[in-house]
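# Report on the structure
Now for the letters of each chain:
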Amino acid sequence: MLLGSHIPTVGGVAKAIDRATGIDCTAMQIFVKNNMQWFANPFLEEEVKSFTQHPLRKKLGVVIAHAGYLINLGTENSENHEKSLRSLGEELLRCDQLDIPYLVLHPGSHLGAGVKNGIRCVVQSLNQIHAEHPKLNVRIALETTAGQGSCLGSRFEELAEILDRAKAPERLRICLDTAHVFAAGYDLSEQDGAEKVFKQFDNIIGLQQLCALHINESKAALGSRVDRHENLGQGKIGLDAFRWIMRSRTLEKIPKILETPKAKDLAEDVAAMKLLRSFKKI
Ligand SMILES: [Zn+2]
Ligand SMILES: [Zn+2]
């Protein structure tokens, strides 16, 4: 079972491995640089080595990264587009250095230009990034979003269209966030809700594209388009959906990452993982 959480990298990326394995994660997600800044100093060789050759690295079945929050591939009508491309390119290189296979990215916001224009811009930006970095193994995993503001990717159809129109779709994957899809209107809380939503995902995008799950409860209501994560058992989705996800055979090998609120000691993650593991037992 690949289960873990988003782990802070305070003190260096290698420290995240200590923290994650310290609470028995078998998977983890990290930021490969400050998520609120455009650029970072390149990794030092020792930093890369202490991560890739960390004695506990193999205890983690998979490590994925989440891209910075400033990146927006959804509109070219801003000085930030050029920066976004450079920043994303830098993050992909950093993932490659750390042997990280997936970089989770929010598709972007169209900022008023409309969904159609936004998708065109995302596709073109991804094509450009792929052309500029032909040799990298790391794949961009587009994340399902809550649809806040003009955020793209809150409908499965939008993500399917991006995959469909990209020149190198084999270099893309999808990450599904339970809180985001719920806020976007996919009702995981109703009877058999999770099963129905994943069936829809399979029909529109295809489960073979799914490379990670973000296991988050939602503080915001169904269809509210508000992105507010909550701890399991305290949100609007309810535990049945998470029980179904943990027991699903088709989702068995998909890494499951918590991005729920937590204190420095990660006690909330420990409790949530214990709960999720208990759902496996029937
Ligand atoms: Zn995200
Ligand atoms: Zn997420």
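In the block above lies the structure referred to throughout.
All residue numbers refer to position in the chain's written sequence, counted from 1. Chains and ligands are labelled sequentially in the order written, the chains with letters from A and the ligands with numbers from 1. For a predicted model such as this one, the threshold for reporting local features is a pLDDT of at least 70, and the threshold for listing and counting side-chain atom pairs is 80 or more; totals across whole chains, interfaces and linings nevertheless cover every residue.

## Digging into the overall build of the protein
Where helices and strands are cited, they refer to DSSP runs of H or I of at least four residues and of E of at least two residues respectively, numbered from the N terminus. A tally of regular secondary structure across the protein gives nine helices and ten strands. Both definitions apply: the radius of gyration is a C-alpha atom measure, and the globule rule equals 2.2 Å times residues to the power 0.38. At 18 Å, the protein has a C-alpha radius of gyration in line with the 19 Å of a compact globule built from 282 residues. Principal axes of the C-alpha set define a box for the protein whose edges measure 50 × 45 × 30 Å. The 282 residues of the protein split such that 44% are buried. Taking contacts inside the protein between residues at least 6 apart in sequence as the whole, the part at least 24 apart equals 76%. Any residue whose C-beta has 12 or fewer other C-beta atoms within 10 Å is treated as exposed, any with 20 or more as buried, and any in between as partly exposed, C-beta atoms being built from the backbone. Any residue pair is listed as a contact if its two C-beta atoms, each placed from the backbone, are within 7 Å.

## Let's talk about helix α4 (residues 115-132)
Note: α-helices contain 3.6 residues per turn, so residues at a spacing of three or four share the same orientation. One less than the residue count of a helix, multiplied by 1.5 Å, gives the span that helix is expected to have. With 18 residues, α4 should reach 26 Å at 1.5 Å per residue; the first-to-last C-alpha distance of 26 Å fits that figure. Within α4, the full set of buried residues consists of G118, I119, C121, V122, S125, L126 and I129. Down the axis of α4, the buried set is contained in an arc of 160°. They therefore lie on one face. In this structure, α4 carries K116 and A131 as exposed residues pointing more than 90 degrees from its buried face. In this description, one arc is meant: the one made by directions from the helix axis to the C-beta atoms.

## A word on the nonpolar core
Counting residues in each nonpolar core, the largest one holds 77 residues, and the members touching the most others are M28, I30, A65, I100, L103, V104 and A141. Among residues more than four places away in sequence, those in contact with M28 are G4, S5, I7, A16, A20, L60 and V63. In this description, a nonpolar core means buried residues of the types Ala, Val, Leu, Ile, Met, Phe, Trp, Tyr and Cys, linked to one another by C-beta atoms lying within 7 Å.

## What about unusual backbone geometry?
The backbone of D99 shows a phi angle near 60°, a positive value even though the residue is not glycine. Locating D99 in the fold gives a position in the loop between α3 (80-97) and β4 (102-105). At D192, a residue that is not glycine, the phi angle is positive and equals roughly 60°. Note on placement: D192 falls in the loop between α6 (178-183) and α7 (193-204). Of the residues examined, D192 has 11 C-beta atoms within 10 Å and is grouped as exposed.

## Quick word on the pairing of β4
Within a regular strand, side chains alternate between the sheet's two faces. Every second residue of β4 is oriented toward a common face, with Y102 and V104 on one face and L103 and L105 on the other, all of them buried. The pairing criterion is simple: DSSP has to find at least two bridges between the two strands. Two elements, strand β3 (residues 62-66) and β4, share two bridges in a ladder whose sense is parallel. Paired with H66 across the two strands is V104, which belongs to β4. With the strands pointing away from the viewer, any crossover whose connection runs clockwise from the first strand over the helix to the second is right-handed. With respect to chirality, the unit in which β3 leads through α3 into the neighbouring parallel β4 is right-handed.

## Description of the sheet that holds β3
The sheet built from eight strands closes into a barrel, its strands ordered β1-β2-β3-β4-β5-β6-β7-β10 with parallel pairing. Each adjacent strand pair in this sheet contributes to an overall mean axis angle of 30°, direction not counted. Working convention: axes come from line fits to C-alpha atoms, limited for helices to the stretch in contact. Angles between N-to-C directions cover 0 to 180 degrees.

## Structural notes on the packing of α3 against α4
Where α3 contacts α4, the two axes come as close as 10 Å, and the packing angle between them is 45°. Compared by their axis directions, α3 and α4 come out oblique. Handedness of the α3/α4 crossing: right-handed. Facing α3, whose interface residues are L85, L88 and G89, α4 presents S125, Q128, I129 and E132. A per-class count over the contact of α3 with α4 returns three nonpolar, three polar and one charged. Should an angle lie under 35 degrees it is considered roughly parallel, over 145 roughly antiparallel, and from 65 to 115 roughly perpendicular; all remaining angles are considered oblique. In this scheme, a crossing is called left-handed if the near helix is turned counterclockwise away from the far one by less than a right angle; it is called right-handed if the turn is clockwise. The nonpolar class holds Ala, Val, Leu, Ile, Met, Phe, Trp, Tyr, Cys and Pro. Asp, Glu, Lys and Arg form the charged class, and all remaining residues, Gly among them, are polar.

## Some remarks on the packing of α7 against helix α8 (residues 239-247)
Taken N-terminus to C-terminus, the directions of α7 and α8 make an angle of 55°; their axes are 8 Å apart at the nearest point. Regarding the angle of α7 to α8, the classification is oblique. For the pair α7 and α8, contact is made by G193, A194 and E195 and by A241, W244 and I245, respectively. Looking at the contact of α7 with α8, its residues break down into four nonpolar, one polar and one charged.

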